[in-house]
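Architecture and fold: a report
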Amino acid sequence: MTMTLGELAVRFGCELRGDPAATVETVASLALADARAVSFLANPKYVGQLKGTRAGVVILDARSAAHSPVPALVAANPHATFARVAGVLHPDPPLKPGVHPLAAVAPGARIDPSAEISAHACIGEGARIGARSFIGPGSVVEHHAIIGDDTKLVARAFIGHHVKLGARCIVQPGAVVGADGFGFAPDKGAWIKVPQVGSVVVGDDAEIGSNTCIDRGALEDTVIEEGVKLDNLIMIAHNCRIGAHSALAACVAIAGSSVLGKRCILGGRVGLTGHITLCDDVVVLGTTFISHSINKPGVYSSALPSEEAGVWRRIVGRIKRLDSMARRMRALEKHTGFSAANLDSSED
Amino acid sequence: MTMTLGELAVRFGCELRGDPAATVETVASLALADARAVSFLANPKYVGQLKGTRAGVVILDARSAAHSPVPALVAANPHATFARVAGVLHPDPPLKPGVHPLAAVAPGARIDPSAEISAHACIGEGARIGARSFIGPGSVVEHHAIIGDDTKLVARAFIGHHVKLGARCIVQPGAVVGADGFGFAPDKGAWIKVPQVGSVVVGDDAEIGSNTCIDRGALEDTVIEEGVKLDNLIMIAHNCRIGAHSALAACVAIAGSSVLGKRCILGGRVGLTGHITLCDDVVVLGTTFISHSINKPGVYSSALPSEEAGVWRRIVGRIKRLDSMARRMRALEKHTGFSAANLDSSED
Amino acid sequence: MTMTLGELAVRFGCELRGDPAATVETVASLALADARAVSFLANPKYVGQLKGTRAGVVILDARSAAHSPVPALVAANPHATFARVAGVLHPDPPLKPGVHPLAAVAPGARIDPSAEISAHACIGEGARIGARSFIGPGSVVEHHAIIGDDTKLVARAFIGHHVKLGARCIVQPGAVVGADGFGFAPDKGAWIKVPQVGSVVVGDDAEIGSNTCIDRGALEDTVIEEGVKLDNLIMIAHNCRIGAHSALAACVAIAGSSVLGKRCILGGRVGLTGHITLCDDVVVLGTTFISHSINKPGVYSSALPSEEAGVWRRIVGRIKRLDSMARRMRALEKHTGFSAANLDSSED
């Protein structure tokens, strides 16, 4: 879509420094943008990157704007404004309302006439599909599931029976929302399946990444609150609750019944044990393992950065003998009659 | 489904303390159950949770039963009995035997007339589908695969050619059983694909989680023995064998040709290197990395719990200098003429 | 397929020691092979495994050939030659060119007449499918995606709009190539989606494993160079570049904008943070976390092998008190007037 800089300034409440009649039609990085492209500078620290850009316009903050060699749109939050501008210039293809002849829709499903049901989608009995929703090819919406307005299942998503998805959600390909939780009772050396009779409730404006799995609850529901963003290949076990506007990077795994507060940020590959609670505004660095509840907002980590393999092997040997080393040091302290152990009174 | 307490007591061999004519129709937690719901107390330690419950009946052990304010079903294994009761009260929807008109079934496939083949399922030449099996929407059963009786592919499962699934298995959405193993021979700086001519054999009563992958063997078969329970997003590489009644939590990854004994339990995110063997009854705590065979039943771990990021950074610095620290200590011991190194004779 | 040893020798340029008229028709391990099977010995170190084999022929190097009790095909690279022989003896089923009546192909898609479009495949407007390509059941190829010649989507793959796949690629079931990257701008406590307008470009001869996800770029493209082999459940975030002939084992996760050189090998469960670069020929052992760029070819690790849980718990306690222990040692050194700290001048 083509827009003038003037239109962008008005629509997104920016101050324009440049010709309002100039037009743009795409977005690009500062380095690769040409005169038809909108670019942005999110962080004033990198103001040097403006040098040499040929973008049609750059979205940036007031202080950086003075350094722009090309037209500028001044915004309080340049990254968010850029996101909105990009959404306008690169809109989703228009919906084709109706049901594709190769879709399978149960007679008792209620589908808003403005929704698009793609080829090979399967909608179960009693399911409800909201206005302007898109049910992509190969998606399965089981019986009595509810899909909110303006929600998009890109393709091949699975939405289990009785699951509720809010409005304006996006579910990426291969995501599985509402399959059975992992519940088994041990009995005479084997496992008896515990029926998972809870469901999943997903709030408005959530995004669920490719091949991510959110299990239905055992007795009560698994809950994903509004605005939560889940990246790909994430595992959310039964009865978890993910607080509003939390963002979880790829390959995070959260065991059953754990609760995340609002606005938490989990880096890639983070693992949480079950039945713990993280308060609001907890940030966990990638690869970290969280085994206890956290009551204090802050940044947490347990990741070990790599070394050359020979060096690392030697360190691992030392780690494995740490207990012995600590006892040798204690003995040495006793022998010399000197100890700074008050530095750590828990040392034995 | 509605049942009387008397019916439940008879069917599941429990002692009933309460009115046999009272009815229940659902299951719920002790806290949320009302008079129509069955609840349970798995662990007598939490007998205090009985207080205030309004459940129609609670399944529990004999000792706890005295504390129940509501009717009680006394069972030797309350959790397993609850699982069975829940299965009766919340049965799967009845099968609709036959082949959906939008399914694609090869002429040479043999499908038991009592099985249900859903919309958009695809069944290959020579495949066999057992009695009362459910092939969910979008599932792919390749040529010559065999699906046992009463087995359920929930939706969008992939079962590769010649794979054998036992009876009463459950395959959750997105699971991939029998895609090629990761086998390549290096040749002049590139990789030559090694055809994976083995298959996958899955025993009776196995459950395979959402988006879990079990690769077919390179030359011989990958084997999942009876009663194995696999959670979501698990990776089982080619030629592994998972012993009967083992349970693997989400995101476990097992490299090629490794063998798990019977009744092993692996926590979430556990990784096993290839070509190793775990004996029967090994328990591995979540996040642990197993790089060597284990010959002794027991509990194993290598997980590092998180700290506040600044504290952790300081610890990592110390870990990276451990070798130096050990050598300094040795020097100090030499200098003082005192050493407790016999505490660890392997110390250099 | 049945072939004579003579035919194999000629076709693959091997020296045959044995009867050229003898026939074989399958492949098997040395231990299980019978007279109809081709086996191989990749590593001369295991020459003892030849003893007792009943294979119809063994592919091995010249030095080992003397020890073979059965006919031998002498090859410079026995494993690669075996891979090629296995491919000839176990060919893919022949393609059935054309479009299945239950596939959904947009009118503007261009499909080579020699390609096979399976049941329940969905091909979008403007997409192009190359010669002799196989689009397996349930696969989704969005609008304007390009699939090269002789490329195979086994089943249920997702190829996003404008994604380009090279020739002779294999995409395993459930793989998602070209879904949106994880890009959001924070704004007043919520997240604004940043449209992901880049694409994914995959070179020739790449293989993409089951349920693996490769996200499309934010502004520029995510790139998988030729000959790259990706195992299952791998996460490649937006704007990454994976160098030619690199091989990544299962469950690897690479955060956004990171770059791998050529011929890198990453073990299972390896994690890379974003915006870093690994040079050519880097090998990373399984489970390792890479948080910094690597400029030197070599082997890298940060994996911690497991211990019995009680032992490990004690070690973790020592790790958590390492900083205190280091400070105690420094105090002891001061007290004794002796320090070997020059061993590590960074020690404080």
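See the structure printed just above.
Figured I'd write up the structure that's included with this text. All values derive from a computational prediction rather than experimental measurement.

A few words on the sheet that holds strand β7 (residues 72-74) of chain A. All names here are of chain A. The 5 strands lie next to each other as β2-β7-β6-β5-β4, forming an open sheet whose pairing is mixed. Each edge of the sheet is formed by a strand with only one pairing partner; in this case those strands are β2 (15-17) and β4 (26-27). Note: β2 against β7, 3 bridges, orientation antiparallel. Bridge pairing in β7 links arginine 17 to alanine 72.

Moving on: the relation of the copies chain B and chain C. For the pair chain B and chain C, the best superposition has an RMSD of 0.1 Å and corresponds to a rotation of 120° with a translation of 0.0 Å parallel to the axis. Read as a symmetry element, the transformation amounts to a three-fold axis.

This brings us to empty space enclosed by the protein. Per the stated rule, a full pass over the model turns up 5 cavities of 30 Å³ or more. Looking at the largest cavity, its volume works out to about 550 Å³. If you trace the largest cavity, you find 25 residues lining it, with Arg269 of chain A, Arg269 and Thr287 of chain B together with Arg269 and Thr287 of chain C closest to the centre. Here the lining of the largest cavity is composed, by residue class, of 16 nonpolar, 6 polar and 3 charged. Considered as a void within the structure, the second largest cavity measures approximately 130 Å³ in volume. Taken together, 16 residues line the second largest cavity, and the ones lying closest to its centre are His120, Gly138 and Arg156 of chain A, Gly138 of chain B together with Gly138 of chain C. A breakdown of the residues in the lining of the second largest cavity according to their chemical character gives 6 nonpolar, 7 polar and 3 charged.

Moving on, we get to the environment of glycine 261 of chain C. All names here are of chain C. Tracing the sequence through the fold places glycine 261 in the loop between β33 (259-260) and β34 (265-266). According to the relative accessible area criterion, glycine 261 is buried, its value standing at 10%. Considered as a pair, glycine 261 and arginine 241 are 20 residues apart in the sequence and their alpha carbons are 8.3 Å apart. Residue contacts for glycine 261: discarding those within four places in its chain leaves Gly243, Ser246, Leu278, Cys279 and Asp280.

Turning our attention to the side chain of serine 246 of chain B. Take serine 246 of chain B: it is sitting in the loop between β30 (241-242) and β31 (247-248). For serine 246 of chain B, a relative accessible area of 0% puts it in the buried group. A polar contact of 3.4 Å, which involves the side chain of serine 246 of chain B, links it to the backbone nitrogen of arginine 263 of chain B. Contacts of serine 246 of chain B, omitting those with residues within four sequence positions, involve Trp191 of chain A together with Gly227, Val228, Lys229, Gly261, Lys262, Arg263 and Cys264 of chain B.

All right, on to the interface of chain C and chain A then. Every contact between the two is made by 75 residues of chain C and, on the other side, 76 residues of chain A. For the pair chain C and chain A, the two sides together bury roughly 6100 Å², of which 66% comes from carbon and sulfur. Inspection of the chain C/chain A interface yields 23 residue pairs in polar contact (both at pLDDT 80 or more). Of all the secondary-structure elements, those providing two or more residues to the side of chain C that touches chain A are β21 (176-179), β22 (184-187), β23 (190-193), β26 (213-215), β38 (289-290), β39 (298-301), α4 (309-320) and α5 (322-336) of chain C. For the side of chain C that touches chain A, the leading source of residues is α5 of chain C, giving 10 residues. Broken down by class, the residue content of the side of chain C that touches chain A amounts to 44 nonpolar, 17 polar and 14 charged. Relative to β39 of chain C, strand β40 (residues 307-308) of chain A runs antiparallel, the two being bridged by 2 bridges. Residue pairing across strands places glutamate 307 of chain A opposite serine 301 of chain C, the latter belonging to β39 of chain C.

Procedures and definitions
- Residues numbered from 1 in each chain as written.
- Chains lettered and ligands numbered in written order.
- Predicted model: local features only at pLDDT ≥ 70, side-chain atom pairs only at ≥ 80, totals over all residues.
- Heavy atoms only, no water.
- Pairing = 2+ DSSP bridges.
- Helix = DSSP H or I, 4+ residues; strand = E, 2+ residues; numbered from the N terminus.
- Least-squares fit on C-alpha atoms with pLDDT ≥ 70 in both.
- 1 Å grid on protein atoms, 1.4 Å probe; cavity = no way out; pocket = protein on both sides within 12 Å on 5 of 7 lines; lining within 4 Å.
- Points joined across faces, edges and corners; volume = space filled by probe spheres on them.
- Nonpolar A, V, L, I, M, F, W, Y, C, P; charged D, E, K, R; others polar.
- Buried < 20%, exposed > 50% of the residue type's maximum accessible area, 1.4 Å probe, protein only.
- Contact = heavy atoms within 4.5 Å.
- Polar contact = N/O pair within 3.5 Å; in protein donor to acceptor, adjacent residues only side chain to side chain.
- Buried area = accessible area lost by both parts, 1.4 Å probe.

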